[in-house]
Amino acid sequence: MLLKGKIRLPNTIVPRFPDRIKPPEKKKEDDDHAEGREEEELRTFQVGGGGGEERSEGEIWPDDGDENWTVSRAHHRIKIDIGREVSWDKRSELEFELSQKVVNLEALRSIASCGHLAEEFRSIVWKLLLGYLPAEKDLWEGELAKNRLRYAELKRELLLNPSEFLMEEDEASNSSMPGRDNEAGGLLCRREISNGDHPLCLGNGSIWNQYFKDAEIVEQIDRDLHRTHQDIKFFSGDSSFSRKNLEAMRNILLLFAKLNPAIGYVQGMNEVLAPLYYVFRMNQEGEDASEAEADSFECFVQLLSGSVDHFCQQLDNSSVGIHSTLLHFSELLKANDGELWRHLDASKMNPQFYAFRWITLLLTQEFELSSIMRIWDYLLSNPSGVQEVLLRVCCAMLLCVRHELVCGDFISNLKLLQHYPEVDLEHVLDVASHLKTPVSSYQPYSII
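Residues numbered from 1 in each chain as written. Predicted model: local features only at pLDDT ≥ 70, side-chain atom pairs only at ≥ 80, totals over all residues. Heavy atoms only, no water.

Which residues make up helix α12 (residues 289-304), and what values do they have?
Counted at 1.5 Å a residue, the expected span for α12 with its 16 residues is 22 Å, and the 22 Å between its end C-alpha atoms agrees. Of all 16 residues in α12, 14 are buried; the element is thus mostly enclosed. (Helix = DSSP H or I, 4+ residues; strand = E, 2+ residues; numbered from the N terminus. Expected span 1.5 Å × (residues − 1). Buried < 20%, exposed > 50% of the residue type's maximum accessible area, 1.4 Å probe, protein only.)

Explain the packing of helix α6 (residues 140-158) against α12 to me, and be specific about the residues and the numbers.
Across the interface, α6 lies against α12 with an axial gap of 9 Å and an inter-helix angle of 90°. Between α6 and α12, the angle is such that the two are roughly perpendicular. Along its contact with α6, which presents Leu144, Asn147, Arg148, Arg150, Tyr151, Leu154 and Lys155, the element α12 presents Glu291, Glu293, Ala294, Asp295, Phe297 and Glu298. Within the contact of α6 with α12, the residues separate by chemical class into five nonpolar, one polar and seven charged. (Axes fitted to C-alpha atoms, helices over the stretch in contact; angles between N-to-C directions. Parallel < 35°, antiparallel > 145°, perpendicular 65-115°, else oblique. Contact = heavy atoms within 4.5 Å. Nonpolar A, V, L, I, M, F, W, Y, C, P; charged D, E, K, R; others polar.)

Give a description of unusual backbone geometry that names residues and reports values.
A positive phi angle, near 40°, is found at His229, a position not held by glycine. In this fold, His229 is placed in the loop between α9 (207-225) and α10 (240-259). Phi at Leu362 is positive, roughly 55°, even though this residue is not glycine.

I'd like a description of the confidence of the model for the protein, backed by residues and values.
Of the residues in the protein, 66% reach a pLDDT of 70 or more, and the chain-wide mean stands at 77. Considering only residues more than four positions removed or in separate chains, one finds that residues 1-84, a stretch of pLDDT under 50, has 206 contacts. pLDDT under 50 marks residues 442-448. Its contacts with residues more than four places away, or in other chains, come to 23 contacts. (pLDDT = per-residue confidence, 0-100.)

Mind laying out the environment of Ala257, listing which residues take part and the relevant values?
For Ala257, the location among the structural elements is in helix α10. Note: C-alpha distance between Ala257 and Asp214 (43 residues apart in sequence) is 9.3 Å. Those residues in contact with Ala257 that lie beyond four places of it in its chain are Ile217, Gly264 and Tyr265.

Right, here's the structure in full:
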């Protein structure tokens, strides 16, 4: 799937709603040692947690480099801490829907939008709601195999180090000429090196020249990745597990940039990718890490297809650019709270100062990862598309701090909205679902 210039995908993106996620309450124990050990475990495996686990004397642990075991244990802990809030009747309903030969997407949207999406099912539900998997279960295996193979081929074509690429070419050439070494009396044959194959060649057709250009993009990606959710060990630290996660995310972002040169890599794309890769990697159920990488790439492309023009500066002032979206956002606020809109407008509080980041990064920098997943469940469950409901959530965020905004001046309000306070997330989403649509209703554009 070579995407040139702009993402071109079928309009099958569906928004969803996340489950209610809160930090687990720690039980008080009389045994101080037991309490300390339990808190250390939670700090290691909670969403947003940090720190390491202690090894009890005599306890047998797998090798630290066993990443499959690491994912399995971490996922088990997260399921206990987060999944406990999903009632068993809703869990059974979700399991029933996913067990059908043809999954009822409308039922999935309803379950997820109400916050009843159990953690262990989020990966498969997101793939369904993003259109990555078809509703027909019998087609899942074939679709996954096809998409993962295509991703592996794209990586080999576009991300392979030139030295490795040329070495593979030599091996393929030698294997097709089995008598070549014997004819040379056992001596190694010298390989003819074309200008394009030479590391010092600066020509546009040189694979080495392109490789060095890509290195500049990789440097920017790496800077951003090392700032991604630094409080979560999944993304940070010196463990082989976290390093492999960042490497996979780097591959995804670089491949996206190379396939879409008109857009390239834009700072903040790492934040949009992080929840997807986290969910798919932590819900693998025995699958290889490369498969989570491939799935994340495809879903990342799907997710950005509805808002990719927000990342293109040349389109900022067009009908599909970010300024047009911010105008629709302002109209939505005006229709639902004229007094607040007038106050912000009078104080020169331009939505670009705060909502630009909210919209382009899908609220990934305003909340903790657990809350982001809840919000994304809500966004992805909306049949009208992510962008339409995203503006509603952003508007609801303003309404939920209305008192502070009306009483504040430009400086205090700017600080408040650029560092959004902790609020009742379920209330925000409820407010968003009851907003009225302005007369010039926002029609989210689609990419064919």
